[in-house]
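# Per-entry structural report
The chain contents come next:
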Amino acid sequence: MLYYLSELFSAPSALTAVYLRMFLAFMTAVILSLCFGEKLIAVLHHHQAHGQPIREDGPQTHLAKKGTPTMGGLLILGTGILSTLFYANLSNPLVWICVLVLLVYGFVGFADDYVKVTKETSNAMSAKMKLFLQFTTALVAVGVTSYFTAEETRFTLSFPYFKTLAINLWYFYIPLAMIVIVGASNAVNLSDGLDGLAGGLLVVAFAFFMVVAYICGGNLAQYFYITPIAGASEVAIVCAAIIGGCVGFLWFNAPPAKVFMGDTGSLSLGALLGTVAIIVKQEILLAIVGGIFVIEAISVMIQVFWYRRTGKRFFRMAPIHHHFEQLGWKETTVVLRFWIVALLLAITGLLALIAK
């Protein structure tokens, strides 16, 4: 909206500069979150008599969280999408792909959360239905994104730390990209188990890809080991808006949390993270920068595999953040140390863009 108003009234070009709109999108999302956070929590409390179900086999300290409302991801989605619509160039199809992914995955997560709190069970929507909706949306997102990507890089997979190493996967790229989006969605979902954990990790990951999107969508791309993508700079505004939403959410999710993100937020934000990685052609870097998310998902796979083979647990509890709690780490200690690792991984990812 701001972009069109500036164009309509022939405002100075500085007002339409991407970096300014990124800052405004971030600040708007933060302010909206702080203004409406308490009201949303009150509404969620009113409609969720018992809050999110707490695992009985989990750390005993978590039992005190019983009654805390979930679906707090609505705060991030609402403020993030509104800020995006207000500051991004809405003629850019990549912006709408990001909004579509947020809405559809957010709906899937919301439906899942709704069943959990109404039936007081952690087993809500069937896995088959959830995966069907996730993969269908991912197919649309990858298809449209590929269509608006230059033909020479449309189906290529770039390798970090190597300037010219890229493999053209042809149409095999499409299922790979779909797996990236769905995998990121579910990996973030598994990481949402401690107060502030997923929110903080998402801030770091989106900040990294915001920088990447800004670079590859402008003239700076020639100075980095990065694929130029027309229109990708507008995706940086989407990332900035979501970061603002996450920061505002963390105000209420900080220990002791007043609200949980829930599948509403974790599934949609993880899917968006995967989508942004697809747009900027940095799928492998997503696995590096989002290393904590990858480890969380792998820990669950290992736990399930090992239990089925031996009848014993490989970790004391999965996902792995609960394993460290069972080892005696305080919840805040786990969260802060995971944040530190995430920052180090983001720095490692940035080095991949400038490495000689």
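Refer to the structure above for everything that follows.
A brief report on the enclosed structure follows. (Residues numbered from 1 in each chain as written. Predicted model: local features only at pLDDT ≥ 70, side-chain atom pairs only at ≥ 80, totals over all residues. Heavy atoms only, no water.)

### Here's the deal with the pattern of salt bridges
Under the criterion given, the structure shown has 4 salt bridges. Here Glu38 makes a salt bridge to Lys258, at a shortest N to O gap of 3.0 Å. Of this pair, Glu38 sits in helix H2 (residues 18–47) while Lys258 sits in the loop between helix H8 (233–253) and helix H9 (262–279); the two residues are 220 residues apart in sequence, bridging distant segments of the chain. A residue is classified by how much of its surface remains accessible, and Glu38, at 42% relative accessible area, is partly exposed. The partner of Asp112 in a salt bridge is Lys130, and the shortest N-O contact between them spans 2.8 Å. (Salt bridge = Lys/Arg side-chain N within 4 Å of Asp/Glu carboxyl O. Helix = DSSP H or I, 4+ residues; strand = E, 2+ residues; numbered from the N terminus. Buried < 20%, exposed > 50% of the residue type's maximum accessible area, 1.4 Å probe, protein only.)

### Here's the deal with the packing of helix H5 (residues 127–147) against H9
At their nearest, the axes of H5 and H9 sit 11 Å apart, and the two run at 30° to each other. Looking at the two axes, H5 sits roughly parallel to H9. Note that H5 runs across H9; the crossing there is right-handed. Facing H5, whose interface residues are Lys130, Gln134 and Thr145, H9 presents Asp263, Leu267, Ile278 and Ile279. (Axes fitted to C-alpha atoms, helices over the stretch in contact; angles between N-to-C directions. Parallel < 35°, antiparallel > 145°, perpendicular 65-115°, else oblique. Left-handed = near helix turned anticlockwise from the far one by under 90°. Contact = heavy atoms within 4.5 Å.)

### As for the layout of surface pockets
Counted as a void, the second largest pocket has a volume near 260 Å³. At the level of secondary structure, the elements contributing two or more residues to the lining of the second largest pocket comprise strand E1 (156–158) and helix H13 (331–354). Here the residues of the lining of the second largest pocket sort into 12 nonpolar, 6 polar and 1 charged. (1 Å grid on protein atoms, 1.4 Å probe; cavity = no way out; pocket = protein on both sides within 12 Å on 5 of 7 lines; lining within 4 Å. Points joined across faces, edges and corners; volume = space filled by probe spheres on them. Nonpolar A, V, L, I, M, F, W, Y, C, P; charged D, E, K, R; others polar.)

### A look at a nonpolar patch on the surface
Taken together, the side chains of Tyr161, Phe162, Leu165, Ile340, Leu344, Ile347, Leu351 and Ile354 define a hydrophobic patch exposed on the protein surface, amounting to about 760 Å² of accessible area. Among the structural elements, Tyr161 can be located in the loop between E1 and strand E2 (166–168). By relative accessible area, Tyr161 is classed as partly exposed at 34%. (Patch = residues over 30% accessible without salt bridge, like charges linked within 9 Å, V, L, I, M, F, W, Y side chains within 5 Å. Areas by Shrake-Rupley, 256 points an atom, 1.4 Å probe, with all protein chains shown as cover.)

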